[in-house]
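Results of the structural survey
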Amino acid sequence: MKEILLESTFVSIDIETTGFDEGGSDIIEIACVRVEGCVITDRFSTLVNPGYLLPERIVKLTGITNAMIVGKPCIYEVLPRFLKFVGDSIIVGHNVEKDIAFIDKAYRTLYGRKFKHPHICTLNLARNILPHLKKYSLKDLADHFNIRYRRLHRALDDAETTAHLFIELLNLLWNQLGIGDYLGIKRLSKA
């Protein structure tokens, strides 16, 4: 994986869930955008019915209501479509380890093994290359780079914002340090 990520393909993902611990919570929205040569070329997004009523705090945080998930597919119907969209591209996400943990939970149930895929965390990457910032939320980093976003805590909007953030971080790494390949960036995105 020596190709320069600014010139290649990656998939930025985000999920919304019924809670913050994957053990007792489930995915209610999953989205990703494919980025090729720093341009978003495709999008995948769907609400997911967890099979139970959403906690009120999650409704307030995301704006996703119980009425919105009625008739939506369960994660086991969505996961194969998500995996096909991602393909063999590198996954990028803000606090991506949490997203990967939720995906892994469903993946283990459906396929009986651990979900393994190359991925990079923009949260850790930003913390490591921008140590002077006080806050590293997706909103704070988007504001720092003047990235426009429509709304927070909806999967497609957050996936798009994360994609733009990653492009900004890639440009910084390439222009200031000459680092642009997956392994070099992955080393810098360790917690």
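The next thing to look at is the overall build of the protein chain. When helices and strands are tallied, the protein chain shows 8 helices and 5 strands. Helices and strands appear in the protein chain in the N-to-C order β-β-β-α-α-α-β-α-β-α-α-α-α. Radius of gyration (C-alpha) of the protein chain: 16 Å, near the 16 Å computed for a compact globule of 191 residues. Its C-alpha atoms give the protein chain principal-axis dimensions of about 50 × 35 × 30 Å. The buried share among the 191 residues of the protein chain stands at 50%. Partitioning the intrachain contacts of the protein chain with sequence separation of at least 6 by distance along the chain shows that 68% fall at a separation of at least 24. Within the structure as shown, the protein chain displays about 9,600 Å² of accessible surface, and the carbon and sulfur contribution to it stands at 51%. Charge separation in the protein chain, taken as the distance between the mean sites of 25 positive and 23 negative side-chain charges, equals 3 Å.

By definition, the strands of a sheet pair up through backbone hydrogen bonds, in either a parallel or an antiparallel sense. Strand order in the open sheet formed by 5 strands is β3-β2-β1-β4-β5, with mixed pairing between adjacent strands. Strand pairing shows two members of the sheet lacking a second neighbour, β3 (39–47) and β5 (119–121), which therefore form its edges. Each neighbouring strand pair of the sheet contributes to a mean axis angle of 25 degrees, computed without reference to strand direction. Contacting β1 (9–17), β2 (27–36), β4 (90–93) and β5, helix α4 (residues 96–111) crosses the sheet at an angle of about 75 degrees to β1. In the packing of helix α5 (residues 122–129) onto the sheet, the strands contacted are β4 and β5, and the crossing angle to β5 comes to about 50 degrees.

Take unusual backbone geometry next. One can expect most non-glycine residues to show negative phi and most peptide bonds to be in trans. Positive phi is not limited to glycine here, since Cys 38 has a value of about 70 degrees. Looking at the secondary structure, you find Cys 38 in the loop between β2 and β3. Exposure remark for Cys 38: the relative accessible area of 30% places this residue in the partly exposed category. Of note, Asn 146 is a non-glycine position whose phi angle comes to about 60 degrees, a positive value. By secondary structure assignment, the location of Asn 146 is in the loop between α6 (138–144) and α7 (155–177).

Here we come to the packing of α5 against α7. It is at 11 Å that the axes of α5 and α7 come closest, and there the two elements cross at 35 degrees. The two elements α5 and α7 meet at a crossing, and its hand is left-handed. Contact residues: Thr 122, Leu 125, Ala 126 and Ile 129 in α5; Thr 162, Leu 165, Phe 166, Leu 169 and Leu 173 in α7. Partitioned by chemical class, the residues of the contact of α5 with α7 number 7 nonpolar, 2 polar and no charged.

Once that is clear, we can look at a nonpolar patch on the surface. Judged by side-chain polarity, Tyr 76, Leu 110 and Tyr 111 come together as a nonpolar surface patch covering roughly 250 Å² of accessible area. Relative to the assigned elements, Tyr 111 resides in helix α4. Using a relative accessible area of 33% as the deciding quantity, one classes Tyr 111 as partly exposed.

The next subject is the pairing of β3. A regular strand places its side chains so that they alternate between the two faces of the sheet. As judged from the 8 bridges shared by β2 and β3, these two strands associate in the antiparallel manner. Bridge pairing in β3 links Glu 36 to Val 39. Hairpin connection, β2 to β3: the antiparallel pair is bridged by 2 residues, and Gly 37 has positive phi, about 55 degrees.

What counts and what doesn't
- Throughout, residues of each chain are indexed from 1 in the direction in which the sequence is written.
- In keeping with the predicted nature of the model, local features appear solely for residues at pLDDT of at least 70, side-chain atom pairs appear and are counted solely at 80 or more, and the whole-chain, interface and lining totals rest on all residues.
- Excluding hydrogens and water, the side-chain values take into account all heavy atoms of the structure.
- Each helix corresponds to a stretch of at least 4 residues labelled H or I by DSSP, and each strand to a stretch of at least 2 residues labelled E; elements are numbered beginning at the N terminus.
- As defined in this context, the radius of gyration uses C-alpha atoms, and a globule is described by 2.2 Å times the residue total to the power 0.38.
- Burial here depends on accessible area, computed with a 1.4 Å probe over protein chains only, as a share of the maximum for the residue type. Under 20% is buried, over 50% is exposed, and the range in between is partly exposed.
- Residue contacts are defined here by distance: any two heavy atoms, one from each residue, within 4.5 Å place the two residues in contact.
- Here the open area of atoms and residues is found with the Shrake-Rupley method and a 1.4 Å probe, where only the protein chains shown may cover a residue.
- Asp and Glu count as negative and Lys and Arg as positive, but His and the ends of the chain are not part of the count.
- The location of each charge is read from NZ of Lys, CZ of Arg, CG of Asp or CD of Glu.
- Each pair of strands is called paired provided DSSP finds at least two bridges between the two strands.
- The angle between two axes is taken between their N-to-C directions and runs from 0 to 180 degrees, where each axis is a line fitted to C-alpha atoms and a helix contributes only its stretch in contact.
- Should the near helix be turned anticlockwise from the far one by less than a right angle, the crossing is termed left-handed; should it be turned clockwise, right-handed.
- Here the nonpolar group is Ala, Val, Leu, Ile, Met, Phe, Trp, Tyr, Cys and Pro; Asp, Glu, Lys and Arg are the charged ones; every other residue, Gly included, is treated as polar.
- Think of a patch as exposed residues, more than 30% relative accessible area, with no salt bridge, where like charges cluster within 9 Å and nonpolar side chains (Val, Leu, Ile, Met, Phe, Trp, Tyr) cluster within 5 Å.
- The term salt bridge refers to a pairing of a side-chain nitrogen on Lys or Arg with a carboxyl oxygen on Asp or Glu at a separation within 4 Å.

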